[in-house]
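Chain by chain, the residues run as shown.
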Amino acid sequence: MLKETAAGERRVSATPETVKKFVGLGAAVAVEAGAGATASIADQAYADAGATIGGRGDVLADADIVLGVQGPDPDALPGLKQGAWIVAGLNPFGAGEHGGRARVDRYAALGAEALAMEFMPRITRAQSMDILSSQSNLAGYKAVLDAAAEYGRAFPMMMTAAGTVSAAKVFVMGVGVAGLQAIATARRLGAQVSATDVRAATKEQILSLGAKPIFVESVKGIEGEGTGGYATEMSDEYKAAQAELVSSHIAKQDIVITTALIPGRPAPRLISDAQVASMKPGSVIVDLAVEAGGNVEGAVAGEVVERHGVKIVGHRNVPSRLAADASALFARNLFNFLSAFWDKEAGKPVLDEEIGNAIRLTQGGKVVHERLLA
């Protein structure tokens, strides 16, 4: 395991718990010195679990599998063996220094086999390997806490001798893993919660959490369900109806949390500047999709900005703001993946076609994933 180098990345891809489990499989584990510091894990804890601690060159020497949260810089992999696996979130459709197609090409040039964990198929046997779900769960929770920190009032209704404090009204847009956790967290804090999504099947999930579903009823036959359980792009008719519904609802809300993402495409715009202006002064919007272009007009990645008296929160890498727990879940995802395919005779994992083809970006010096060859 290498130390993460992306700005603001505090998570780690292995913990003492997973190191011990890898050693139990028969693997030799090496950890770069200081790699766990940002997640409050000391080198000695890794050593006690059975890992060897060393510099980057020592860790990479003879490494068959390199674990990461974000994909390591290809230029910072001295001595990487031909055919070595890089197992991490590789962000092949992203931009910037820690993602994008150019970086995938460089992995291919190194002769590495790059495995993008965010491409893990959403099938039953891969649920425990799904980094997007585990990290989104924490992001949804943290989004509510970030909103509460910026919101200058209480969440629950309080009846006191001095009068009644009204419950905060929270509206969650996008009911995936992050959205569901945001609903549950806001409810636990005592807010009055409503939610919406383009997928009709989520209405029952919203109700099960005690929130009010806000759905377009006038446009029939639109389910919004893409492959693998993800949302898909909607028709112009639906978008117009949704915008009208949201405009009337959002003006009454104290807090809005947006979570909508479409894999491989910019995040859909859910809230316009005019809709922001319709909200009450002191309201808060948290845009969890800000790094993918943002659901909210005016959101700025890495900043909390104010428009029309409304705070728009655009924190980057929200799971990393809960580094210890996020690392524990991420590391278990990686262990669950590798251990599920561990071949005792070979002393390493051997992938099957279904999952191997879904996540493998490079092999034999070439880019091989169909989504990158289209």
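Given the structure is predicted, the values throughout are model-derived calculations rather than measurements.

**A look at the overall build of the protein chain**
- Each helix and strand in the protein chain was counted, giving 12 helices and 18 strands.
- Over its C-alpha atoms, taken along the principal directions, the protein chain stretches across nearly 65 × 50 × 35 Å.
- Burial status across the protein chain gives 48% buried among its 374 residues.
- Per element, the accessible surface of the protein chain, about 16,700 Å² overall, is 51% carbon and sulfur.
- Each charge class in the protein chain can be summarised by its mean position, and for the 36 positive and 41 negative side chains these summaries are 5 Å apart.

**Considering the environment of Lys 3**
- Mapped onto the secondary structure, Lys 3 falls in the segment before helix 1 (16-25).
- Between the C-alpha atom of Lys 3 and that of Leu 67, which follows or precedes it by 64 residues, the distance is 9.8 Å.
- Those residues in contact with Lys 3, other than ones at most four positions away along the chain, are Glu 32, Ala 33, Gly 34, Ala 35 and Arg 56.

**Observations regarding unusual backbone geometry**
- Look at Ser 40: it is not a glycine, yet its phi comes out positive at around 65°.
- Looking at the secondary structure, you find Ser 40 in the loop between strand 1 (30-32) and helix 2 (43-48).
- Residue classification places Ser 40 among the exposed residues on the basis of a relative accessible area of 69%.
- Backbone geometry places Asn 91, a non-glycine residue, at a positive phi of 50°.
- With respect to the helices and strands, the residue Asn 91 is situated in the loop between strand 4 (85-89) and helix 4 (101-110).
- By relative accessible area, which is 34% here, Asn 91 ends up partly exposed.

**A short note on the sheet that holds strand 9 (residues 192-196)**
- One open sheet holds the seven strands; their spatial order is 10-9-8-11-12-14-13, and the pairing between them is mixed. The two strands at the open ends of the sheet, each matched to only one other strand, are strand 10 (212-213) and strand 13 (303-307).
- Sitting on the sheet, helix 5 (residues 131-150) touches strand 11 (255-258), strand 12 (284-287), strand 13 and strand 14 (310-314), and the angle it makes with strand 12 is about 150°.

**Description of the sheet that holds strand 4**
- Read across the sheet, three strands follow the order 3-4-5 without closing on themselves; strand pairing throughout is parallel. Where the open sheet ends on each side, the last strands, each with one partner, are strand 3 (65-70) and strand 5 (113-116). Recorded for the sheet is a direction-independent mean angle of 20° between the axes of neighbouring strands.

**Things to note about the environment of Gly 365**
- Tracing the backbone shows Gly 365 in the loop between strand 17 (362-363) and strand 18 (366-367).
- Assessed through its relative accessible area of 39%, Gly 365 is described here as partly exposed.
- For the pair Gly 365 and Pro 213, spaced 152 residues apart in the sequence, the C-alpha separation amounts to 49 Å.

**Looking at the pattern of salt bridges**
- Within this structure, the stated rule accounts for 19 salt bridges.
- Glu 17 is paired through a salt bridge with Lys 21; the nearest N and O atoms lie 3.2 Å apart. Of the two residues, Glu 17 and Lys 21 are both situated in helix 1; the distance of four residues between them amounts to about one turn of the helix.
- You can call Lys 21 partly exposed: its relative accessible area is 38%.
- For Glu 113, the salt bridge identified is with Arg 360, shortest N-O distance 2.8 Å. Of the two residues, Glu 113 is situated in strand 5 and Arg 360 in the loop between helix 11 (353-359) and strand 17; the sequence distance between them amounts to 247 residues.
- Among the ionic contacts, a cluster of salt bridges with common partners joins Asp 73, Asp 75, Arg 103 and Arg 106.

Criteria and thresholds
Residues numbered from 1 in each chain as written. Predicted model: local features only at pLDDT ≥ 70, side-chain atom pairs only at ≥ 80, totals over all residues. Heavy atoms only, no water. Helix = DSSP H or I, 4+ residues; strand = E, 2+ residues; numbered from the N terminus. Buried < 20%, exposed > 50% of the residue type's maximum accessible area, 1.4 Å probe, protein only. Areas by Shrake-Rupley, 256 points an atom, 1.4 Å probe, with all protein chains shown as cover. Lys, Arg positive; Asp, Glu negative; His and termini not counted. Charge placed at Lys NZ, Arg CZ, Asp CG, Glu CD. Contact = heavy atoms within 4.5 Å. Pairing = 2+ DSSP bridges. Axes fitted to C-alpha atoms, helices over the stretch in contact; angles between N-to-C directions. Salt bridge = Lys/Arg side-chain N within 4 Å of Asp/Glu carboxyl O.

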